[in-house]
Amino acid sequence: MEEITANDDLCEIHHTHPDKLENCAVHKLDDATSQELADIFKILGDKTRIKLLSLLASETELCVCDIAESLQMGQSAISHQLRVLRAARLVKFRKVGKEAFYSLDDDHVVKLMRQGLDHVRET
């Protein structure tokens, strides 16, 4: 295996590429957008929330009881995680009588989950 030294990841000369810098300026995220995206990834950085989203990606919707049973967790713990996901607009819910049903908020969440899984499963 090749040994990597402290300066291997630095340019040995200072030479910028104006065409690439123009493209970077167009695609550079502003601070507010960067923070919002970072917050989403922080929320997704919890294995329980990932498991929960994975369940919801496999079904149209699930009630809190089914989610809790499937993950072998208490309803209050699941409810807490669902509130975090709901505040981030990753899941939505509807109440039918005394039951609370949750589903993924939109197709973007499904795509995010699938792409993350594809990346993790790459060999």
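Residues numbered from 1 in each chain as written. Predicted model: local features only at pLDDT ≥ 70, side-chain atom pairs only at ≥ 80, totals over all residues. Heavy atoms only, no water.

Teacher, can you tell me more about the pattern of salt bridges here?
Should their charged atoms come close, side chains of opposite charge can pair. Inspection of every chain in the model, using the stated rule, returns 4 salt bridges. We note a salt bridge from Arg89 to Glu36, for which the minimum N-O separation is 3.9 Å. Of this pair, Arg89 sits in the loop between helix H5 (75-87) and strand S2 (91-96) while Glu36 sits in helix H2 (residues 31-44), and the two are 53 residues apart along the sequence. The exposure class of Glu36 is partly exposed, given its relative accessible area of 46%. In this structure, Lys111 and Asp107 form a salt bridge, with 3.7 Å as the shortest nitrogen-oxygen distance. You can see Lys111 and its partner Asp107 sitting in helix H6 (residues 107-121), 4 residues apart, about one turn around the helix. Classification of Asp107 by relative accessible area gives partly exposed; the value is 45%. (Salt bridge = Lys/Arg side-chain N within 4 Å of Asp/Glu carboxyl O. Helix = DSSP H or I, 4+ residues; strand = E, 2+ residues; numbered from the N terminus. Buried < 20%, exposed > 50% of the residue type's maximum accessible area, 1.4 Å probe, protein only.)

Mind showing me how you'd approach the state of the cysteines here?
Two cysteines whose sulfur atoms are joined by a covalent bond form what is called a disulfide. Applying the stated criterion across every chain yields a total of 0 disulfides. In this model Cys11 remains outside any disulfide bridge; the closest cysteine sulfur is found in Cys24, 13 Å from its own. Free cysteine: Cys63, not disulfide-bonded; nearest cysteine sulfur from Cys65 at 4.5 Å. Note on Cys63: relative accessible area 6%, which makes it buried. (Disulfide = S-S within 2.5 Å.)

Even after reading the chapter, I still don't get the environment of His80, so can you show me in this structure?
Inspection of the secondary structure assignment puts His80 in helix H5. With relative accessibility at 41%, the residue His80 sits in the partly exposed group. Between the C-alpha atoms of His80 and Leu104, which are 24 residues apart in sequence, the distance is 16 Å.

What's the story with the sheet that holds strand S1 (residues 62-63) in this structure? I'm lost.
One key point about sheets: their strands pair by backbone hydrogen bonds, in either a parallel or an antiparallel sense. The sheet built from 3 strands is open, its strands ordered S1-S3-S2 with antiparallel pairing. Since the sheet does not close on itself, it has two edges, and those belong to S1 and S2, each with one partner. Looking at chain direction, S2 and strand S3 (residues 99-104) are connected through 6 bridges and run antiparallel. Each bridged residue has a counterpart across the sheet, and for Arg94 the counterpart in S3 is Phe101. Along the sheet, helix H3 (residues 47-58) makes contact with S1, S2 and S3, crossing S3 at roughly 90°. (Pairing = 2+ DSSP bridges. Contact = heavy atoms within 4.5 Å. Axes fitted to C-alpha atoms, helices over the stretch in contact; angles between N-to-C directions.)

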